[in-house]
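Each chain, written out:
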Amino acid sequence: MTTIEAQVLQLAKAAKQVAPVIATLPTVRKNAVLQHAAQALEARTAEILQANARDIEEGRAAGMDEALVDRLALDEQRIAGIADGLRQVASLHDPVGDVVRGGTMYNGIRMRQVRVPLGVMGMVYEARPNVTVDAFGLALKSGNVALLRGSKSAAHSNAALVAVLQDVLAKEGLPTEAVQLLPSDSHDSVTALITARGLVDVVIPRGSARLIDAVVTQATVPTIETGTGNCHVYVDASADIQQATDIVVNGKTRRVSVCNATETVLLDAALPDADKLAVVKALQDADVTVHGDPAALGAFGACDVVEADEHDWAEEYLSMDVAVGVVDGVEEAAKHIARYSSGHTEAVVATDARVLQYFADHVDSAAIMLNASTAFTDGEQYGMGAEIGISTQKLHARGPMALPELTSTKWILEGSGQTRS
């Protein structure tokens, strides 16, 4: 066992010891901590920005891609948004103790299934320091303890943020072990976290496809998979073309470094050539590089198209690039999406109700947008508060994960001396 692995296990043991304290905190106490944490983050903005500037400087010196720099970067507005996320979580319903279902047995034993915290929640994530605070807020409100393994690229930012959160916990008379930051200098800390069965109850990876795959395939601790976002927009022949171009451009350009960004646009072959060209030109006018079949797109007048290969159709670009293809109606669009989608978010633009219904019924992803941008797949937009991630799996949780998704259940049976023959 390496020194780092031993350190992680020590932190995990400390988390396990304090988990019962956090699990039984009353809602009013948790909300007070979240409100005070929001205030503290805003009050210590300068300190956090100074740490973030060190991360950005070191990242650029190491050749970090600008899309990742964007994910890493904080400013006063983003910190204010992170703080507001905690306030929103504080305002949400606390799921702990909710009765999911219940009843009475034939012999008078009363049964109820109630929501309970998962326990010790491990997070493995890349770049984005806002995840540090989001994970803390959602974990605390749902009665969980957070073990956070951020990336080395955000080490200074994450350390500054966790220092603020732990100071708030201490002032509130709560164990600072309710949120802990694991070392990020070596992959050994990830290995130790995701194999700490008996100490860690669940691990949630959030980041690149490579990171998620590594955690899911190597973990012995139960995982909730948050997938990458190869999000599609299918523009049907019945679409309002102005609405379609607005949706496509917004989904692609609003913020290219997030998982709900549009990465593939599928144009119905039955669309008028002028409408197909309008979509492509709207993207190019927004400085988006279009990848596709130059002959197929050139047939309706598109130019400056980068020839796509098989990789492009499955790519999560996270940049000002998009794949554009032509398909023969909604059925072929659904087949294309089934082949290449990451299961995150797919959108259709159409006025034909039958097309909308077919798309909703036959496309299997965590979120389906009917005449709306893929950018709306977001826990805050759903009214959940700060999300922990977008689950693309089908067990336990799917789509944006917030408070209810960070709980399990237990059965409580109340009798009066009954015995079973």
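Located above this text is the structure these notes cover.
Our subject in this report is the structure included herewith. Values in this document were obtained by computation on a predicted structure and should not be read as measured data. (Residues numbered from 1 in each chain as written. Predicted model: local features only at pLDDT ≥ 70, side-chain atom pairs only at ≥ 80, totals over all residues. Heavy atoms only, no water.)

**Thoughts on the pattern of salt bridges**
For the structure shown, the criterion picks out 16 salt bridges. Between R255 and D70 there is a salt bridge, with the nearest N and O atoms lying 3.4 Å from each other. With a gap of 185 residues between them, R255 in the loop between α10 (241–253) and β8 (262–268) and D70 in helix α4 (residues 66–72) connect regions that are remote in the sequence. Of the residues examined, D70 reaches a relative accessible area of 27% and is grouped as partly exposed. A cluster of three or more residues bridged by salt bridges with shared partners is formed by E42, D84 and R87. (Salt bridge = Lys/Arg side-chain N within 4 Å of Asp/Glu carboxyl O. Helix = DSSP H or I, 4+ residues; strand = E, 2+ residues; numbered from the N terminus. Buried < 20%, exposed > 50% of the residue type's maximum accessible area, 1.4 Å probe, protein only.)

**What about the nonpolar core?**
Membership of the largest hydrophobic core comes to 69 residues, with the highest contact counts inside it found for M121, M123, F136, L147, V200 and I388. Residues contacting M121, with those up to four places away along its chain left out, are A135, A139, V145, A146, L147, V202, I204, I388 and L406. A244, V248, V280 and V288 belong to the second-largest nonpolar core, a separate cluster that totals 25 residues. (Core = buried A, V, L, I, M, F, W, Y, C linked by side-chain atoms within 4.5 Å. Contact = heavy atoms within 4.5 Å.)

**Some remarks on the packing of helix α2 (residues 27–43) against helix α6 (residues 130–141)**
Axis separation between α2 and α6 bottoms out at 9 Å; the angle between their running directions is 165°. As far as their axial angle goes, α6 and α2 are roughly antiparallel. The two elements α2 and α6 meet at a crossing, and its hand is right-handed. Where α2 abuts α6, its residues T27, K30, N31, V33, L34, A37 and L41 lie against V133, F136, G137, L140 and K141. Its residues placed into classes, the contact of α2 with α6 shows 7 nonpolar, 3 polar and 2 charged. (Axes fitted to C-alpha atoms, helices over the stretch in contact; angles between N-to-C directions. Parallel < 35°, antiparallel > 145°, perpendicular 65-115°, else oblique. Left-handed = near helix turned anticlockwise from the far one by under 90°. Nonpolar A, V, L, I, M, F, W, Y, C, P; charged D, E, K, R; others polar.)

**Quick look at the sheet that holds strand β5 (residues 179–181)**
Adjacent strands of a sheet form backbone hydrogen bonds with each other and so pair up, either parallel or antiparallel. Read across the sheet, 4 strands follow the order β5-β4-β3-β6 without closing on themselves; strand pairing throughout is parallel. Looking along the sheet, the strands with just one partner apiece sit at the ends: β5 and β6 (202–206). Going across the sheet, the axis of each strand differs from the next one's by a mean of 20°, ignoring polarity. Where strand β4 (residues 145–149) meets β5, 3 bridges bridge the pair, whose relative direction is parallel. Along β5, the bridge assignment pairs L148 with L181. α6 contacts β3 (120–125), β4, β5 and β6 of the sheet and is inclined by roughly 165° relative to β3. In the packing of helix α9 (residues 209–218) onto the sheet, the strands contacted are β3 and β6, and the crossing angle to β6 comes to about 160°. (Pairing = 2+ DSSP bridges.)

**Concerning the state of the cysteines**
For the structure shown, the criterion picks out 0 disulfides. Cysteine C259 remains unbridged, with the sulfur of C231 as its closest cysteine sulfur at 6.9 Å. (Disulfide = S-S within 2.5 Å.)

**Overview of the environment of A14**
Within the secondary structure, A14 sits in helix α1 (residues 3–23). With 166 residues separating them in the primary sequence, A14 and Q180 have C-alpha atoms 9.4 Å apart. For A14, the contacting residues outside a window of four places in its chain are E177 and Q180.

**Re α9**
Listed in full, the buried residues belonging to α9 are L211, I212 and V215. The buried residues of α9 occupy an angular sector of 95° when the element is viewed end-on, so they sit on one face. Counted as exposed and oriented over 90 degrees from the buried face of α9: R210 and T217. Close packing links the buried residues of α9 with β3, α8 (188–194) and β6. (Arc of directions from axis to C-beta.)

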